[in-house]
There are 4 protein chains.
Amino acid sequence: MVIHKTSYRLTFRDVDSMGILYYARYFFLFEIGRVEWMRDEGFSYRDMEKKMQQSLPVTKADCHYIAPISYDEIAIVRTEIAAWTQTTIRFAHTIHREGQDELCAKGQVELGCLAHGDKRPSAIPQELITILNNQAREKRGRLR
Amino acid sequence: MVIHKTSYRLTFRDVDSMGILYYARYFFLFEIGRVEWMRDEGFSYRDMEKKMQQSLPVTKADCHYIAPISYDEIAIVRTEIAAWTQTTIRFAHTIHREGQDELCAKGQVELGCLAHGDKRPSAIPQELITILNNQAREKRGRLR
Amino acid sequence: MVIHKTSYRLTFRDVDSMGILYYARYFFLFEIGRVEWMRDEGFSYRDMEKKMQQSLPVTKADCHYIAPISYDEIAIVRTEIAAWTQTTIRFAHTIHREGQDELCAKGQVELGCLAHGDKRPSAIPQELITILNNQAREKRGRLR
Amino acid sequence: MVIHKTSYRLTFRDVDSMGILYYARYFFLFEIGRVEWMRDEGFSYRDMEKKMQQSLPVTKADCHYIAPISYDEIAIVRTEIAAWTQTTIRFAHTIHREGQDELCAKGQVELGCLAHGDKRPSAIPQELITILNNQAREKRGRLR
């Protein structure tokens, strides 16, 4: 089981009038974590879209907000696979402030797979299945 | 039980490279619905922040994505109270395309209450409790 | 000469930690003004993209910031044609707070025209030229 | 004269339905460049706001858009001082794609200085003036 880690420094466009990360933008951090997870595993989301004419639309997302993150602080996003099947991947994310143990937020994002041509659900590309088998075999088939 | 309805036309900044509403931005639509719910009931979130030095931070949020909404389409956001206590309000939202029956997304957003001074949880302002009692008495105390 | 007017209420995602509209987001208001100008004149930007396989990319944009606008205030965007040629349109925008005379910001946004196929500059669709001739004939050819 | 360089990989929230960076978001890249310029020079914008109760609001901004940047590409932002006085700083920015010579965009952003107490224009903090004198003495007083 592999946990990937990426970081992002908050800018003015990220915070609200309280000076803290706006609640919808945690999902942007989750996206960064997700895309970096794929990139680190050698899978390019962009290439998949272009070459295979498939995309991985989000079907569910949730977040628990525990402690705020402020302007100019660095958010650390940890990403791992929570569960997966041939047609669905669920990522689990946590967010901390750099250098601190306190959990700021945690959430999950579930992706399906869509073929661009007929806009219908399709199987996840084999290249990605191979990575999931290598990195998170024990999480297979546990999606409810 | 009252359901409030508001609308929003999607602009270029709202959609991603598929031309559809980016997944994090559904929570922005939920915020519009939430604030309009309060305004329609005669409660100003802005005044609460200024006068009472309290705010209602989001503690949990989730969304199920069912059908996409595209650039230039009008999203209809319906907002109602799902549950509430003296310290927590949970809103339930649905999103449709204008003039269409198909459900595009549904989600819930839970708010706590925070006093600015000591940054500690506090009771929801009485003015808002009165509104909740009037509009959604049957949803009281059902939060788990 | 016609001036179009549209309004937008600021949400939490629009303001920064000072509680005022973030400087990049004025250009989002300009976009709303621009698209509404076209819609009011009977021209659908979305249809142009789909049917004619052309788009109107921004080539230049500027803004002068004069007075701030705060969370929950309503911004009034006024939009008119500053100048145009067969290949370029320049819009001029002003922003006020609803019900107030003070100018909050003013700016200009210049659009070219691009054919999707060869990704080369092309002439503006005739339908739009006709509107420009009707509404802003005196502003023709004054682009420098 | 010092030119600072920072990089940013485009995510889904940054691009529009053409898959390219949305025009308003170039100003977000300029902000990243500006804040990193200050940080590299040992000046913390955040500390200035907190300790000195001053901020540097944007008074003017412009951008020329020359070539698009796409989803997942890395934008390189170069930032230097274009001009400054005791009360104003003008930054000049360019944007390229990583590893490419072609200019994608260039723009300028002018900042004033505001005291939080009386909300009036004030002199730029001496600490920042010292940096400007060291790094861009020849650009002093050339603001029109």
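If you're wondering where the values come from, they're calculated on a predicted model, not measured in any experiment.

Turning to the overall build of chain A, a few remarks are in order. Regarding its fold elements, chain A presents three helices and seven strands. From first element to last, N terminus to C terminus, chain A shows the α and β order β-α-α-β-β-β-β-β-β-α. A compact globule built from 144 residues should have a C-alpha radius of gyration of about 15 Å, and chain A, at 16 Å, falls within 12% of that. Dimensions of chain A along its principal axes, counting C-alpha atoms only, are 45 × 30 × 25 Å. Expressed as a percentage of its 144 residues, the buried residues of chain A come to 40%. Contacts in chain A between residues far apart in sequence, at least 24 positions, make up 71% of those at least 6 positions apart.

In the superposition of chain D on chain C (RMSD 0.0 Å, axial shift 0.0 Å), the rotation amounts to 180°. Seen this way, the second copy is the image of the first under a two-fold rotation axis. When C-alpha distances to the rotation axis are compared across chain D, the minimum falls at Asp 62 of chain D, with a value of 2.0 Å. By residue overlap, the copies meet face to face through one surface: 100% of the interface positions of chain D are interface positions in chain C.

Residue and element names in this part refer to chain D. You can see Met 18 is positioned in the loop between strand 1 (4-9) and helix 1 (26-40). Exposure remark for Met 18: the 18 C-beta atoms within 10 Å place this residue in the partly exposed category. With 84 residues separating them in the primary sequence, Met 18 and Glu 102 have C-alpha atoms 20 Å apart.

The figure often quoted for interface size is the accessible area lost as the parts come together. Counting from both sides, the interface comprises 16 residues of chain D and, opposite them, 16 residues of chain C. Counting residues per element, the side of chain D that touches chain C draws most heavily on strand 3 (residues 58-65) of chain D, at eight residues. In terms of residue class, the side of chain D that touches chain C is built from 10 nonpolar, three polar and three charged. Of the pairings in the sheet, the one linking strand 3 (residues 58-65) of chain C to strand 3 of chain D comprises five bridges and is antiparallel in character. In the sheet register, Cys 63 of chain C faces strand 3 of chain D, and the bridge partner there is Ala 61 of chain D.

What follows deals with the sheet that holds strand 6 (residues 103-111) of chain B. Judged by pairing direction, the sheet is antiparallel, and its 10 strands sit side by side in the order 1(A)-4(A)-5(A)-6(A)-3(A)-3(B)-6(B)-5(B)-4(B)-1(B) without closing on themselves. Sheet topology places strand 1 (4-9) of chain A together with strand 1 (4-9) of chain B at the edges, where each strand pairs with a single neighbour. Each neighbouring strand pair of the sheet contributes to a mean axis angle of 20°, computed without reference to strand direction. When strand 4 (residues 74-84) of chain A meets strand 5 (residues 89-97) of chain A, the two strands line up antiparallel, connected through nine bridges. By the bridge assignment for strand 5 of chain A, Arg 78 of chain A is matched with Thr 94 of chain A. Set on the sheet, helix 3 (residues 126-136) of chain A makes contact with strand 4 and strand 5 of chain A; between it and strand 4 of chain A the angle comes to about 100°. Along the sheet, helix 1 (residues 26-40) of chain B makes contact with strand 1, strand 3 (58-65), strand 4 (74-84), strand 5 (89-97) and strand 6 of chain B, crossing strand 1 of chain B at roughly 135°.

The next thing to look at is the relation of the copies chain B and chain A. When chain B is fitted onto chain A, the two copies agree to an RMSD of 0.0 Å after a turn of 180° and an axial shift of 0.0 Å. Residue by residue, 100% of the interface of chain B is reproduced at the interface of chain A, so both copies engage with the same surface.

On the chain A side, the residues contacting the 16 residues of chain B number 16 residues. Put simply, the parts of the chain that give the side of chain B that touches chain A at least two residues each are helix 1 and strand 3 of chain B. Per-element tally for the side of chain B that touches chain A: the top contributor is strand 3 of chain B, with eight residues. For the side of chain B that touches chain A, the per-class residue count stands at 10 nonpolar, three polar and three charged.

With that settled, the discussion passes to unusual backbone geometry. Residue and element names in this part refer to chain C. Notably, Gln 53 is not glycine yet its phi reads approximately 55°, a positive angle. Within the secondary structure, Gln 53 sits in the loop between helix 2 (45-52) and strand 2 (54-55). Judged by C-beta crowding, with 12 C-beta atoms within 10 Å, Gln 53 ranks as exposed. Here Asp 72, not a glycine, exhibits a phi torsion of approximately 80°, which is positive. Looking at where Asp 72 falls in the secondary structure, it is placed in the loop between strand 3 and strand 4 (74-84). Given 20 C-beta atoms within 10 Å, Asp 72 falls into the buried group.

The next thing to look at is helix 1 of chain D. Residue and element names in this part refer to chain D. With 15 residues, helix 1 ought to run about 21 Å at 1.5 Å a step, and its terminal C-alpha atoms sit 21 Å apart, in line with that. Of all the 15 residues making up helix 1, 12 are buried; the element is thus mostly covered by neighbouring parts of the structure. Of all the residues in helix 1, the buried ones are Tyr 26, Phe 27, Phe 28, Leu 29, Phe 30, Glu 31, Ile 32, Gly 33, Arg 34, Val 35, Trp 37 and Met 38. Taken from the residues just after helix 1, Gly 42 is the one with a positive phi, measuring 85°.

What counts and what doesn't
Residue indices follow the written sequence of each chain, beginning from 1 at its first position. Here chains are named by letter from A upward and ligands by number from 1 upward, in the order in which they appear as written. For a predicted model such as this one, the threshold for reporting local features is a pLDDT of at least 70, and the threshold for listing and counting side-chain atom pairs is 80 or more; totals across whole chains, interfaces and linings nevertheless cover every residue. Numbering of helices and strands runs from the N terminus; a helix is a DSSP stretch of H or I covering at least four residues, while a strand is a stretch of E covering at least two. Taken over C-alpha atoms, the radius of gyration is set against a globule rule of 2.2 Å times the number of residues to the power 0.38. Exposure classes come from backbone-placed C-beta atoms, where a residue is buried if 20 or more other C-beta atoms lie within 10 Å of its own, exposed if 12 or fewer do, and partly exposed in between. Two residues qualify as being in contact provided that their C-beta atoms, derived from the backbone, are within 7 Å of each other. All copies are superposed by least squares; the fitting set is the C-alpha atoms of residues with a pLDDT of at least 70 in both. All amino acids are sorted into three groups, where Ala, Val, Leu, Ile, Met, Phe, Trp, Tyr, Cys and Pro are nonpolar, Asp, Glu, Lys and Arg are charged, and the leftover types, Gly among them, are polar. Note on pairing: DSSP must find at least two bridges between two strands before they are called paired. Under this scheme, a helix contributes an axis fitted over its contacting stretch, all axes are lines through C-alpha atoms, and angles between N-to-C directions fall in the 0 to 180 degree range. How far a helix is expected to stretch is found by multiplying one less than its residue total by 1.5 Å.

Any functional reading would require information beyond the geometric quantities listed.
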